[in-house]
Amino acid sequence: MKNKYYENYTLFENAVETFFQTFNDRIADMKSLLNFKFGIIKAN
């Protein structure tokens, strides 16, 4: 879905529905992004 142009709302809506229908399959990938160091951002 990221950075993809959808010609109309129906195509966009279908992509969103597909994302949430396959959400459980993506949990492991998302958890790999959320680690201790991911949350640490130093401010200058």
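Residues numbered from 1 in each chain as written. Predicted model: local features only at pLDDT ≥ 70, side-chain atom pairs only at ≥ 80, totals over all residues. Heavy atoms only, no water.

Engineer: Account for the environment of N8, naming residues and giving values.
Structural biologist: You can see N8 is positioned in the segment before α1 (9-21). When its relative accessible area of 39% is taken as the criterion, N8 is described as partly exposed. Within the local environment of N8, its side chain forms a polar contact with the backbone nitrogen of L11, the two atoms lying 2.9 Å apart. (Helix = DSSP H or I, 4+ residues; strand = E, 2+ residues; numbered from the N terminus. Buried < 20%, exposed > 50% of the residue type's maximum accessible area, 1.4 Å probe, protein only. Polar contact = N/O pair within 3.5 Å; in protein donor to acceptor, adjacent residues only side chain to side chain.)

Engineer: Please set out the packing of aromatic side chains residue by residue, giving values where relevant.
Structural biologist: Evaluated as defined, the whole model comprises five aromatic pairs. On the basis of an interplanar angle of 75° and a centroid distance of 5.9 Å, the ring pair of F19 and F23 is categorised as edge-to-face. For F23, a relative accessible area of 30% gives the class partly exposed. (Phe/Tyr/Trp six-rings, centres within 6.5 Å; stacked < 30°, edge-to-face > 60°.)

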